[in-house]
Amino acid sequence: MVWTGFFTGEKPEDMGKDRKTMTIRVMLADDHKMIRDGLHSLIGQEEGMEVIAETQDGKTTVQAVKKLSPDVVVMDIG
């Protein structure tokens, strides 16, 4: 399980069992499809994480974030 206490202020030992079923919604933003595919594959293997969208440019990423409200955006800034 991934510790999300950085955002909530909780310590790992204080986290309740309901937290274990929480899914972290991830959006991937990179102009290289091969990178997005690789990250998608890696994240897909992690329990409690799910890729909800992939984008390839900044404008599309901003629009998708507004629409989908992901928990995390993994973004290549170049």
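See the structure above.
Described below are features of the structure shown in this document. Not measured: the values here are computed from a predicted model.

**Things to note about the pairing of strand 1 (residues 24-29)**
- Counted residue by residue, strand 1 has five buried out of six residues, so it is predominantly covered.
- Two strands pair when backbone bridges link them, and strand 1 and strand 2 (residues 49-55) are joined in this way by six bridges, in the parallel orientation. Residue pairing for strand 2: Val 26 is matched across the bridge by Val 51.
- Following the backbone out of strand 1, through helix 2 (residues 33-44) and into the adjacent parallel strand 2, one traces a crossover that is right-handed.
- Bridging between strand 1 and strand 3 (residues 72-75) involves four bridges; their strand directions are parallel. Looking at strand 3, one finds that Leu 28 is bridged to Val 74.

**Quick look at a nonpolar patch on the surface**
- Together, Val 65, Val 73, Met 75 and Ile 77 make up a nonpolar patch on the protein surface, roughly 340 Å² of accessible area in all.
- Tracing the sequence through the fold places Val 65 in helix 3 (residues 58-68).

About the thresholds
- Residues numbered from 1 in each chain as written.
- Predicted model: local features only at pLDDT ≥ 70, side-chain atom pairs only at ≥ 80, totals over all residues.
- Heavy atoms only, no water.
- Buried < 20%, exposed > 50% of the residue type's maximum accessible area, 1.4 Å probe, protein only.
- Helix = DSSP H or I, 4+ residues; strand = E, 2+ residues; numbered from the N terminus.
- Pairing = 2+ DSSP bridges.
- Right-handed = clockwise from strand over helix to strand, strands pointing away.
- Patch = residues over 30% accessible without salt bridge, like charges linked within 9 Å, V, L, I, M, F, W, Y side chains within 5 Å.
- Areas by Shrake-Rupley, 256 points an atom, 1.4 Å probe, with all protein chains shown as cover.
- Salt bridge = Lys/Arg side-chain N within 4 Å of Asp/Glu carboxyl O.

Remember that the coordinates give geometry; whether it matters functionally is a separate question.
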